[in-house]
Amino acid sequence: MKFFLDTADIAEIEEAASWGVLAGVTTNPTLYSRIGGRLADFPEHIRRIAEVCSGPVSAEAVGLDRESIVNEGLALAGIAENVVVKIPTMPEGLAATRALALRGVKVNMTLCFTVPQALLAARSGAAYVSPFVGRFDDISEDGVAHLADIVEALSNYDFEHQVEVIAASIRSANHVTQAALMGADIATVPFSVLKNLVRHPLTDRGLDAFLADWEKVKGA
Ligand code: G3P
């Protein structure tokens, strides 16, 4: 499984990149708004992220009709070679994905919740399909089970291009564990979750004991 960071915060991206584990970044309008981003600065912000992270960087098109999505997508893809255009799962989004894919632009189809949505995204030419896990949990459904269905359904078929599943809306280490066990290609995680993934109480306790014992060695 590859790890993407689900954030628009450059400091977080720099930190994760410095750990040597960052394979990509996903952003969305909410995440950009959360860092106080302004519309006019968006292209430059995405350019900076794409510089810090050499892997795929998803930037979302916000148009609602195929023509505006395609135009936005072309502009976003023109920012840097590793920019992937994020498009919501909807009929106009499928049409725009097909048009962009035919022009060699990679698309990450987002807001994907069901097996049919994921299959349609893949068939339209999306290089990445992003099922949301946590948002199912938010409405008392089993997000991991829905993700497992999507991973299995996509694995049943061959597509004319590579399709990778990005487990998105990840809220916990358990979400990541389950996504990895079922073979999801990528997990995109907030920085707070990434930090938690590294930690375990037994690791902390073991480290404390090693350090305390080393003090004894130094004093011997
Ligand atoms: O990238 C989109 C997705 O990961 C959003 O997550 O936590 O807002 O449901 P969340």
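As a starting point, this report considers the structure included with it. Model, not experiment: these values are computed from the prediction.

**Focus on the overall build of the chain**
Within the chain, the regular secondary structure consists of 11 helices and eight strands. In terms of overall dimensions, the chain has a C-alpha envelope of 75 × 40 × 30 Å along the principal axes. Expressed as a percentage of its 220 residues, the buried residues of the chain come to 43%. Long-range contacts, defined here as pairs at least 24 residues apart, represent 58% of the contacts in the chain between residues at least 6 apart. Total accessible area on the chain is roughly 11300 Å²; 55% of this is exposed by carbon and sulfur atoms. Counting 18 positive and 28 negative side-chain charges, the chain places the averaged centre of each group 3 Å from the other.

**A word on the nonpolar core**
If you look at the biggest cluster of nonpolar residues, it comprises 54 residues, and the most contacted ones within it are Leu5, Ile87, Leu154 and Val189. Per-element accounting of this core gives the leading share, five residues, to helix 8 (residues 143-155). Residues Phe4, Val84, Tyr128 and Ile166 belong to the second largest nonpolar core, which totals six residues.

**Let's talk about the site of the ligand**
Contacts to the ligand come from Asp6, Asn28, Lys86, Phe132, Arg135, Ala168, Ser169 and Arg171. Between Arg135 and the ligand, the recorded distance is 2.6 Å, taken from a side-chain N or O atom to an oxygen atom. Taking Ser169, its side chain carries an N or O atom lying 2.7 Å from an oxygen atom of the ligand. Against a free-state accessible area of 310 Å², the protein chains account for coverage of 85% of the ligand. Spatially, the ligand is embedded in the largest pocket. Counted by class, the shell around the ligand contains two nonpolar, two polar and four charged residues.

**Points about the environment of Arg171**
In this structure, Arg171 sits in the loop between strand 7 (164-167) and helix 9 (173-181). A residue is classified by how much of its surface remains accessible, and Arg171, at 43% relative accessible area, is partly exposed. Considering only alpha carbons, one finds Arg171 and Pro190, 19 residues apart in sequence, at a separation of 7.7 Å. Setting aside chain neighbours within four positions, we find Arg171 in contact with Gly134, Arg135, Asp138 and Val193. A polar side-chain atom of Arg171 sits 2.9 Å from a polar atom in the side chain of Asp138.

**Brief notes about helix 3 (residues 42-52)**
All of the buried residues in helix 3 are Phe42, His45, Ile46, Ile49 and Ala50. In a view along the axis of helix 3, the buried residues occupy a sector of 135°, so they form one face of it. Each element contacted by the buried residues of helix 3 is listed here: helix 1 (10-18), strand 2 (22-26), helix 2 (29-34), strand 3 (57-60), helix 4 (66-77) and strand 4 (83-88).

**Side note on helix 5 (residues 91-102)**
Structurally, the α-helix is built with 3.6 residues per turn, so residues lying three or four positions apart point the same way. Counted at 1.5 Å a residue, the expected span for helix 5 with its 12 residues is 16 Å, and the 17 Å between its end C-alpha atoms agrees. All of the buried residues along helix 5 are Gly93, Ala96, Thr97 and Leu100. Each buried residue of helix 5 lies within a common arc of 105° when the element is viewed along its axis, so the set occupies one face. Summarising the geometry of helix 5, the exposed residues directed more than 90 degrees from the buried face are Pro91 and Leu102. Packed against the buried residues of helix 5 are helix 4, strand 4, strand 5 (107-112) and helix 6 (115-124). Among the residues trailing helix 5, Gly104 stands out with phi positive, at a value near 85°.

Criteria and thresholds
- Throughout this document, residue positions are counted from 1 along each chain, in the order its sequence is written.
- Predicted model: local features are reported for residues with pLDDT of at least 70 only, side-chain atom pairs are reported and counted for 80 or more only, and whole-chain, interface and lining totals are derived from all residues.
- Side-chain figures throughout are based on the complete set of non-hydrogen atoms in the structure, without hydrogens or water.
- Secondary structure counts use DSSP, requiring at least four H or I residues in a row for a helix and at least two E residues in a row for a strand, with both numbered from the N terminus.
- Buried residues are those whose accessible area, probed at 1.4 Å on protein chains only, stays under 20% of the maximum for their type, while exposed residues exceed 50% and partly exposed ones sit between those limits.
- Every residue pair with non-hydrogen atoms within 4.5 Å of one another is taken to be in contact.
- Residue exposure ignores everything except the shown protein chains as possible cover, and the areas themselves are Shrake-Rupley values with a 1.4 Å probe.
- Charge convention: Lys and Arg are scored as positive, Asp and Glu as negative, and His as well as the terminal groups of each chain are ignored.
- To locate a charge, the coordinates of NZ of Lys, CZ of Arg, CG of Asp or CD of Glu are taken.
- Nonpolar cores are built from buried Ala, Val, Leu, Ile, Met, Phe, Trp, Tyr and Cys residues. Side-chain atoms within 4.5 Å join them into one set.
- Near residues are defined by distance, with any heavy atom within 4 Å of the molecule or strand qualifying the residue.
- Polar contact is defined as a pair of N or O atoms within 3.5 Å, subject to the rule that within protein one atom must be able to donate a hydrogen and the other to accept it, and that residues adjacent in sequence are counted only when both atoms are side-chain atoms.
- Two kinds of site are reported from a 1 Å grid over the protein atoms alone, namely cavities, where a 1.4 Å probe fits but cannot get out, and pockets, open sets with protein on both sides within 12 Å along at least five of seven lines, and residues are called lining when an atom falls within 4 Å of a point.
- Pocket or cavity membership: a molecule qualifies when more than half of its atoms sit within 2 Å of the grid points of that site.
- The residue classification treats Ala, Val, Leu, Ile, Met, Phe, Trp, Tyr, Cys and Pro as nonpolar and Asp, Glu, Lys and Arg as charged. All others, Gly included, are polar.
- Of all possible arcs, the one meant is that of the directions from the helix axis to the C-beta atoms.
- Expected helix span is given by 1.5 Å per residue-to-residue step, counting one fewer step than there are residues.

Any functional reading would require information that these geometric values do not contain.
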